[in-house]
Amino acid sequence: MIFYFSATGNSKAVATVLAKELNDEAINIVGYGQADKLTDAKTQSTIGIVFPIYGWNPPSVIYDFIRKMLRSGVHANYLYFIATCGDDIGMADRQMHRFLRKQNVTYSSFFSVIMPNTYIGLPGFDIDSDDVIQRKLTESKNRILAIAQQIKEHNNITSVKRGCLPWVKTYFLGKMFAYFLITDKYFHTTSKCTLCKSCIKVCPQQNINIVGKRITWNNKCTGCLACYHHCPHKAIDFGIFSRNKGQYFYNKHLGKHSC
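Please explain a positive patch on the surface as it appears in this structure.
On the surface, a cluster of positive charge is made up of R94, R98, R101, K102 and K175. Ranked by residue count, the leading element in the positive patch is helix α3 (residues 92-102), at four residues. Position of K175 relative to the elements: it lies in helix α5 (residues 166-180).

What should I look at first to understand the sheet that holds strand β1 (residues 2-4) in this one?
In a beta sheet, neighbouring strands are held together by backbone hydrogen bonds and run either parallel or antiparallel to one another. Strands sit in the order β2-β1-β3-β4-β5-β6 across an open sheet of six strands; the sheet is parallel. This sheet does not close on itself; its edge strands, each paired only once, are β2 (26-28) and β6 (158-159). Across three bridges, β1 lies against strand β3 (residues 46-52) in parallel orientation. Across the sheet, residue I2 finds its bridge partner in β3, namely G48. Sheet strands in contact with helix α2 (residues 60-71) are β1, β3 and β4 (78-85), and its direction is about 160° off that of β3. Packed on one face of the sheet, helix α4 (residues 130-152) meets β4, β5 (109-114) and β6 and runs near 165° to β5.

Explain the pairing of β3 to me, please; I cannot follow it from the model alone.
Both faces of the sheet carry side chains from a regular strand, because those side chains alternate between them. Burial within β3 is extensive, with seven of its seven residues counted as buried. Side chains of β3 alternate between two faces, with T46, G48, V50 and P52 and I47, I49 and F51 buried alike. Following the backbone out of β3, through α2 and into the adjacent parallel β4, one traces a crossover that is right-handed.

I tried to follow α4 on my own but got confused; where do I start?
Residues separated by three or four positions in an α-helix point in the same direction, a consequence of the helix having 3.6 residues per turn. Its 23 residues give α4 an end-to-end C-alpha distance of 33 Å, which sits within 8% of 33 Å, the value for a rise of 1.5 Å per residue. All of the buried residues in α4 are I133, K136, L137, S140, I144, I147, A148 and I151. H154, located one to two residues past α4, shows a positive phi value of around 55°.

What exactly am I supposed to notice about the pattern of salt bridges here?
Note that side chains of opposite charge can pair when their charged atoms are close. Tallying each qualifying case throughout the model produces five salt bridges. The shortest N-O distance in the salt bridge between D88 and K169 comes to 3.0 Å. Of this pair, D88 sits in the loop between β4 and α3 while K169 sits in helix α5, and the two are 81 residues apart along the sequence. In this structure D88 comes out as buried when scored by relative accessible area, which is 13%. Residue K169 is classed as buried on the basis of its relative accessible area, which comes to 13%. When the shortest N-O distance is used, the salt bridge between K136 and D128 registers 2.9 Å. Given the relative accessible area of 4%, K136 is considered buried.

Can you help me understand the side chain of T84 in this one?
Within the secondary structure, T84 sits in strand β4. With residues up to four places along the chain from it excluded, the contact list for T84 reads N10, S11, V14, V50, F51, P52, I53, V113 and M115.

Just checking my understanding: could you explain the packing of helix α1 (residues 10-22) against α4 for this structure?
The description of two helices packed together rests on the angle between their axes and the distance between the axes. Look at α1 against α4: their axes get within 10 Å of each other, and the N-to-C directions meet at 50°. What the angle tells us is that α1 and α4 run oblique. The handedness of the crossing between α1 and α4 comes out as right-handed. Counted together, V14, V17, L18, E21 and L22 of α1 and I144, L145, A148, I151 and K152 of α4 form the full contact between these two elements.

Would you take a moment to explain α5 for this structure?
Spanning 15 residues, α5 covers 20 Å between terminal C-alpha atoms, matching the ideal 21 Å at 1.5 Å per step. The sharpest bend along α5 comes to roughly 40°, located at G174. All of the buried residues along α5 are P166, K169, T170, Y171, G174 and F177. On the buried face of α5, the contacting elements are α3.

Definitions and cut-offs
- Residues numbered from 1 in each chain as written.
- Predicted model: local features only at pLDDT ≥ 70, side-chain atom pairs only at ≥ 80, totals over all residues.
- Heavy atoms only, no water.
- Patch = residues over 30% accessible without salt bridge, like charges linked within 9 Å, V, L, I, M, F, W, Y side chains within 5 Å.
- Areas by Shrake-Rupley, 256 points an atom, 1.4 Å probe, with all protein chains shown as cover.
- Salt bridge = Lys/Arg side-chain N within 4 Å of Asp/Glu carboxyl O.
- Lys, Arg positive; Asp, Glu negative; His and termini not counted.
- Charge placed at Lys NZ, Arg CZ, Asp CG, Glu CD.
- Helix = DSSP H or I, 4+ residues; strand = E, 2+ residues; numbered from the N terminus.
- Pairing = 2+ DSSP bridges.
- Contact = heavy atoms within 4.5 Å.
- Axes fitted to C-alpha atoms, helices over the stretch in contact; angles between N-to-C directions.
- Buried < 20%, exposed > 50% of the residue type's maximum accessible area, 1.4 Å probe, protein only.
- Right-handed = clockwise from strand over helix to strand, strands pointing away.
- Expected span 1.5 Å × (residues − 1).
- Parallel < 35°, antiparallel > 145°, perpendicular 65-115°, else oblique.
- Left-handed = near helix turned anticlockwise from the far one by under 90°.
- Bend = angle between axes of the 7 residues up to and from the residue.

These figures capture arrangement, not role.
What follows is the structure, encoded as structure tokens:
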């Protein structure tokens, strides 16, 4: 059984391809995290969790799901994680190890898969060019196939790209990122907004609604940027940092690129 969390579709794509290779099932954790819906997972000896990296750390929604999973009595013999990232994951795997150790749980394997960049919330950060997107999507398929083979053999392995200065990224920059940038207080709509509700539909936290004739965010943001990337009118900005930057989501770009 493979659980995934995905905002722009990258992690969903990885989970879907992996499920096909392993003859397994890929399940979106959004709407699946309640204890009564985790009964089926109790019978699984192998469980995988696929998620994106935010600020060189696992997102809070993944920690919340794991807590629910453990409270429901789900304990797999072979537990593996796959983190999708635009470039590298820093020490995110060690953060997960520390978290699980406090729960008296260990994982068997941890992998990373490079996918197209989606973060646009700071100067100098933008989505990748079309050529880079094409390259990453093409290379990711071979990477997923290699990971699938490791999982089939139940190998205990850590195979990740940490990047340069991984400790600084996760333990210093990551903390700054979590404190200042995993927030919805910078989101606002522009005059292009038509109240189409696309942002409301894609928000995994049910954090967006309409008050009067205005889109509002309600302080439960996980930092996924799904609302920004899925807005069909490009009517959402994250402060001033997202102005004139691109939008990315997997299904849209799949039409232009092979994976």
